[in-house]
Amino acid sequence: GKVRVYQGIVAGCAGGSYDNIAQVANIMKGQSIGSDYFNFIVYPASQPISMNPMKQGAITELIKTGITLKTAFCGPCFGAGDVPGNDTLSIRHTTRNFPSREGSRPSDNQISSVALMDSLSIAATAINKGFLTPATRIDYDDEVKEYEFEPSIYSNRVYQGFDNPNPKEELR
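These lines cover the structure that appears in this document, whether it is placed above or below. Bear in mind that the values here come from a model prediction, so they are computed numbers and not experimental data.

**Thoughts on the overall build of the protein**
Piece 1. A count of helical and extended segments in the protein gives seven helices and four strands.
Piece 2. Mapped in sequence order, the helices and strands of the protein form the string β-α-α-β-α-α-β-α-β-α-α.
Piece 3. By sequence separation, contacts in the protein at least 24 residues apart represent 68% of the contacts at least 6 residues apart.
Piece 4. Carbon and sulfur atoms provide 51% of the accessible area of the protein, an area that totals close to 9,900 Å².

Now the structure itself:
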């Protein structure tokens, strides 16, 4: 009567939002994903989204539970990171996921995406040691601290050329 899940991923521009990461941290606080086969990976959607939960301590909470935190990267959405294992069930809150990606053969050609799986239910599954669990079956603190954008992340690294062209600069 239980569905066994081997991988949970919260990632990309849809899944790796600040609110999702903060809620997952709330659910996972003081919990563990266990040492069995279930693996839980979180990819924040951007560097600024990584920084805010870092300042608030949520990233520390995620890592303490056994979650693998990755850098902001679109990999799971297009098949370049954390490929599902052959004949396993992967639940994902990502923009895209498709069967037989990168040569893996997920069980029963399963597909899971933003439309089918939410980050809170992935966290609920994690605290239930990899058995599929909806978030509606757990109690958790749903309060999320206000997001504070840190502009220096972009201003220190990204050329701000809008309305400021430099036509003499050679294209690299």
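Now, onward.
**Side note on the sheet that holds strand S3 (residues 68-69)**
Piece 1. Within the open sheet, the four strands sit side by side as S3-S2-S1-S4. Their pairing is parallel. Of all strands in the sheet, those bounded by a partner on one side alone are S3 and strand S4 (90-93).
Piece 2. In the sheet, strand S2 (residues 39-42) pairs with S3 via two bridges, with the strands oriented parallel. Bridge pairing in S3 links Ile41 to Thr68.
Piece 3. Against the sheet, helix H6 (residues 119-127) engages strand S1 (7-10), S2 and S4, with an angle of about 145° to S4.

**Section: the layout of surface pockets**
Piece 1. Of the pockets and cavities examined, the largest pocket occupies roughly 320 Å³.
Piece 2. Forming the walls of the largest pocket are 13 residues, and the residues nearest its centre are Ala22, Asn26, Ala58, Glu143 and Lys145.
Piece 3. Counting only elements with at least two residues in the lining of the largest pocket, the list comes to helix H2 (18-28) and helix H4 (58-64).
Piece 4. The element best represented in the lining of the largest pocket is H2, accounting for four residues.

**Comments concerning the pattern of salt bridges**
Piece 1. Applying the stated criterion to the full structure yields four salt bridges.
Piece 2. The closest approach of N and O atoms between Asp36 and Arg4, which form a salt bridge, is 2.8 Å. You can see Asp36 sitting in the loop between H2 and S2 and its partner Arg4 sitting in the segment before S1, a full 32 residues away along the chain.
Piece 3. Between Lys64 and Glu61 there is a salt bridge, with the nearest N and O atoms lying 3.4 Å from each other. Separated by three residues within a single helix, Lys64 and Glu61 lie in helix H4, roughly one turn from each other.
Piece 4. Of the residues examined, Lys64 reaches a relative accessible area of 60% and is grouped as exposed.

Rules and cut-offs
- Residues numbered from 1 in each chain as written.
- Predicted model: local features only at pLDDT ≥ 70, side-chain atom pairs only at ≥ 80, totals over all residues.
- Heavy atoms only, no water.
- Helix = DSSP H or I, 4+ residues; strand = E, 2+ residues; numbered from the N terminus.
- Contact = heavy atoms within 4.5 Å.
- Areas by Shrake-Rupley, 256 points an atom, 1.4 Å probe, with all protein chains shown as cover.
- Pairing = 2+ DSSP bridges.
- Axes fitted to C-alpha atoms, helices over the stretch in contact; angles between N-to-C directions.
- 1 Å grid on protein atoms, 1.4 Å probe; cavity = no way out; pocket = protein on both sides within 12 Å on 5 of 7 lines; lining within 4 Å.
- Points joined across faces, edges and corners; volume = space filled by probe spheres on them.
- Salt bridge = Lys/Arg side-chain N within 4 Å of Asp/Glu carboxyl O.
- Buried < 20%, exposed > 50% of the residue type's maximum accessible area, 1.4 Å probe, protein only.

Shape descriptors only; they carry no functional weight alone.
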